[in-house]
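This is what each chain is made of:
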Amino acid sequence: MAKKSDKKIIFNKEKKMPPFAISFYSMEYNKTGGWRNFRPVIDYDKCSCCLICWKSCPEAAIKLKKTKVKGKEKFKPVIDYEYCKGCGICWEECPTEAIDIEEEAE
Amino acid sequence: MRKVLMGNHALSYGAKVSRAQVISAYPITPQTEVVELLSKMCASGELKAKFIKVESEHSAMAALIGASSVGVRTFTATSAQGLAHMHEMLHWAAGARTPVVMGNINRAFAPPWSVWTEQNDSLSQRDTGWMQIYAQNNQEVLDSVIQAYKVAESLDLPAMVILAAFVLSHTSETVEIPGQEKVDEFLPPYERKYKIDPDEPHAFGGLTDPDNYFELRYKIQKAMEEALEKWEEAGEEFESIFGRKYGLLETYKVSDAKSLIVSSSTIASTARNAVDRLREKGEKVGLLRIRVFRPFPAEKIRGILSSVGKAIVIDRNIGFGASGIFYQEIKAAMYNEEQKPPIFGVVTGLGGRDVSSKDIIEIYQDVIRREEPKSDIIWKGLKL
Amino acid sequence: MKLKIPEEEIMGHGNLACQGCGATLAMRLALKALGSNTVIVLPACCWSVIDGPFPHSVVNVPLFHTAFAAGPSTASGVKAALEIQGKDTNVVAWAGDGGTYDIGLGTLSGAAERNDDMIYVCYDNEAYMNTGIQRSSSTPLKAWTTTTPVENPKESHKKDIISIMAAHRIPYLATASVAYPEDMIEKFKKAKDIRGMRFILVFSPCPTGWKYAPQLTVKLARLAVQSRVFPLIEIENGIKWKLNKEITHPSPVSEYLKPQGRFKHLSDEDIAEVEQSVEADWNRLLEKTKK
């Protein structure tokens, strides 16, 4: 697995350059949540846990959380705002209109 | 085992005894026999390799870059148009630091169509980051393939073993094919440190911004510089096992020479005969053959040329708008020396026109009468 | 409680794609189906940038960048070498439409004719998006791109890559859409278990290049299927054509075209012409699937 890093790696005298362009690190430093103009918000009262939002997210920014609804085990979608770019696909696709979209504050 | 082999088959046997594992090639005259024999060897199981019969040279090189990045030994061969068609991937092979070994048969470019020998094909790939070895006979072709793997894999740089079209590619000579055990002793299996491996996933060759790119290019240059030593070490080790000696350069009768003929490939072996005949006439002339052109052995060349009276560089190639390419490089290598000879550049034998011992004697006699080079090109054999 | 789509994410966070990128969703879903025993060979395309800069990468599988025309050929070499090492690994060439329909078509045809063992994926966004929306031979009729301006939009039809690939009689060929993730994942899983050349064309809308609001990516991909613009099919050995989704009551093509800025300049006659072209393609397809 790629190593995690909080910032973009630049090689210098201390951090040795590999012999050619090989990637060792994840992209997690790139908090794409900062790109967001609109914030999708899930209203769990309306959410049916159909997971269409999860399937449709290009960013893998919707996570699944195990939960019990009326005694049945279900996966609940949880938005990871660190990486959600705010494209709005989940909002557009949600069949129960459980996702609202709000303008991000400056 | 001694066998009568054409230069092309010397390449095939070189790949075979080196245990190439993935071969990929596209046919072009005058290279075809190289891959025909390898196809046969793979089909019979004599060589345990996968042969990918691609639809272009660009694909041949791409396939080998992929295979080499996984960590296996790879081989291809091409010539002229084929080499030019590979050009993009030649840069890729060097940038991805894949030690691909390739035979290139020096053939003139079209148009007009020509299948005969000239060095413009390989020399126009000079700056791609490939090592270039110019062989003068078929034994050297075979031996250079084995050595090329040794050096290439120690530094992760690709290498091109180059031979003259027809003059070597289709000329049969007696060649000693080294025993497999000895080759295995000289050339252990290729181990790649960072390779394509799902157990250790990396991305290779991703977008690299100016903060990081510069250093990666520096590393290629450093590897090239290191390759100078590696070729000499490989030559020494090779001699200790196989009894044949090769270096970056080859000198002939230079110790007391006042003038030196400098050339490469088969013109250099013809020049040896010319030197003998000139010596019989009392001329103090010697020969310097450039075997390894990339990396360029500038320091060694300076050591030899700084003490002579005249240097005559014979090029079977031309850098249009400038001069012969070996001439340019040798002149540049000498420029900062305090003591240096006048350097004369001769362009001859383009498009495979024969360059005989007599021609070289005439070149020498012409140059020896001149005090200084008045132009960058002395044309020899031009019928205009 | 069972998920039809694998939960594990092999594509990590922080990619460099535009908001609402269809090609990114395609990669995320494909990797879920393929699993981590996979190597991606990547010729020049949007994903060359999306994956992130050296020394970072967003996917947790080996990814080898190669030249524009060299996706299939590089993948052939990677596969041959992995086989020599005794590794049974999925080798995936992942290319855009430029690398597939245009500059890489010769190498793709070569690898397909040899039946080299790989899954070739073309994520089709119907133009050179990474270089800034220039027409490719996958760009549809009448569409605007920066090299087919509205004064002179694309005059020729989208190249029929499916028929070209089918003519190579490769063992498996499929079209997939990011709007039908279950279908897409099923096709990738099926492809994984077949040997030889497998070709999957994934319809991947591009908000930046098609000029629509990013939330519409999945909706447009669905409309493309429902309006018969992009049929979901499978072809075995180039002969057995199968329509995966019958579209008995198609949505109007105009419904698919209208939200897209690249078709904004279309007159009613233009739309009618596009509709006729879609219908003709559909009828040709039906002839093949009915055999």
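Examining the confidence of the model for chain C
Parts of the prediction with low pLDDT should not have their coordinates interpreted in detail. With 99% of its residues at a pLDDT of 70 or more, chain C has an overall mean of 97. Across the interfaces of the predicted complex, the ipTM metric reaches 0.97, alongside a pTM of 0.97.

A short note on the environment of Lys3 of chain A
All names here are of chain A. Topologically, Lys3 is positioned in the segment before strand S1 (38-42). Each C-alpha atom of the pair Lys3 and Glu14 lies 18 Å from the other, and the pair is eleven residues apart in sequence. Ignoring anything within four residues of it in the chain, the contact list for Lys3 reads Phe24, Tyr25 and Ser26.

Digging into the pattern of salt bridges
Residues and elements named next belong to chain B. The full count for this structure, using the stated rule, is 55 salt bridges over all chains. Among the ionic pairs, Glu225 bridges to Lys222, the shortest N-O distance being 2.8 Å. In this pair, Glu225 and Lys222 are both assigned in helix H8 (residues 213-242), three residues apart and thus about one turn of the helix distant. Taking the relative accessible area as the measure of exposure, Glu225 reaches 35% and is therefore partly exposed.

Here's the deal with the interface of chain A and chain C
Across the boundary between the two partners, chain A contributes 49 residues, which contact 40 residues of chain C. Taking both partners together, chain A and chain C bury about 3400 Å²; carbon and sulfur atoms supply 61% of that area. For chain A, the biggest contributors to the area lost against chain C are Met27, Trp54 and Lys55 of chain A; these three give 20% of the whole. Applying the counting criterion to the chain A and chain C interface returns three salt bridges. Across the contact surface, chain A and chain C share 20 residue pairs in polar contact (both at pLDDT 80 or more).

Examining the domain arrangement of chain B
All names here are of chain B. Domains assigned within chain B are domain 1 (2-242) and domain 2 (250-379). Measuring from the centre of the C-alpha atoms in domain 1 to the corresponding centre in domain 2 gives 28 Å. Facing 28 residues of domain 1, the contacting portion of domain 2 comprises 28 residues. Across the domain 1/domain 2 interface, buried area totals approximately 2200 Å², and carbon plus sulfur atoms make up 53% of it. Of all residues in domain 1, Gln119, Arg126 and Gln136 bury the most surface against domain 2, accounting for 28% of the area lost on that side. At the surface where domain 1 touches domain 2, the tally comes to four salt bridges. Measuring nitrogen to oxygen at the nearest pair gives 3.0 Å for the salt bridge that ties Glu140 to Arg289.

Points about the packing of helix H1 (residues 22-34) of chain C against helix H7 (residues 181-192) of chain C
All names here are of chain C. Contact pair H1 / H7: the axes reach a minimum separation of 8 Å and the direction vectors enclose 45°. Overall, the two elements H1 and H7 adopt an arrangement that is oblique. Remark: the crossing between H1 and H7 carries right-handed chirality. For the pair formed by H1 and H7, the contact residues are Ala26, Leu29, Ala30, Lys32, Ala33 and Leu34 on the first element and Pro181, Met184, Ile185, Phe188, Lys189 and Lys192 on the second.

Here we look at the interface of chain B and chain A
Of the residues lining the interface, 18 residues belong to chain B; the matching set on chain A comes to 13 residues. By the criterion of area lost to chain A, the three top residues of chain B are Tyr194, Asn212 and Leu216 of chain B, representing 34% of everything that side buries. For the interface between chain B and chain A, the tally reads one salt bridge. Our count for the contact surface shared by chain B and chain A stands at seven residue pairs in polar contact (both at pLDDT 80 or more). When contributions to the side of chain B that touches chain A are tallied by element, the ones reaching two or more residues are strand S9 (203-204) and H8 of chain B. For the side of chain B that touches chain A, the element with the most residues is H8 of chain B, which contributes three residues. Looking at side-chain class alone, the side of chain B that touches chain A contains six nonpolar, six polar and six charged residues.

Topic: the packing of helix H6 (residues 138-155) of chain B against H8 of chain B
For any two helices packed against each other, the geometry is given by the interaxial angle and the distance between the axes. Residues and elements named next belong to chain B. Following both chains from N to C, one finds H6 and H8 inclined at 135°, their axes separated by 9 Å at the closest point. Our classification of the angle between H6 and H8 gives oblique. Judged by the sense of rotation from one axis to the other, the crossing of H6 with H8 is right-handed. Mapping the contact onto sequence places Asp143, Ser144, Ile146, Gln147, Ala148, Lys150, Val151, Ser154 and Leu155 in H6 and Ala223, Glu226, Ala227, Lys230, Trp231, Ala234, Gly235, Glu237 and Phe238 in H8. Among the residues forming the contact of H6 with H8, the class breakdown is nine nonpolar, four polar and five charged.

Basis of the calculations
Residues numbered from 1 in each chain as written. Chains lettered and ligands numbered in written order. Predicted model: local features only at pLDDT ≥ 70, side-chain atom pairs only at ≥ 80, totals over all residues. Heavy atoms only, no water. pLDDT = per-residue confidence, 0-100. Helix = DSSP H or I, 4+ residues; strand = E, 2+ residues; numbered from the N terminus. Contact = heavy atoms within 4.5 Å. Salt bridge = Lys/Arg side-chain N within 4 Å of Asp/Glu carboxyl O. Buried < 20%, exposed > 50% of the residue type's maximum accessible area, 1.4 Å probe, protein only. Buried area = accessible area lost by both parts, 1.4 Å probe. Polar contact = N/O pair within 3.5 Å; in protein donor to acceptor, adjacent residues only side chain to side chain. Domains from an automatic or database assignment. Axes fitted to C-alpha atoms, helices over the stretch in contact; angles between N-to-C directions. Parallel < 35°, antiparallel > 145°, perpendicular 65-115°, else oblique. Left-handed = near helix turned anticlockwise from the far one by under 90°. Nonpolar A, V, L, I, M, F, W, Y, C, P; charged D, E, K, R; others polar.

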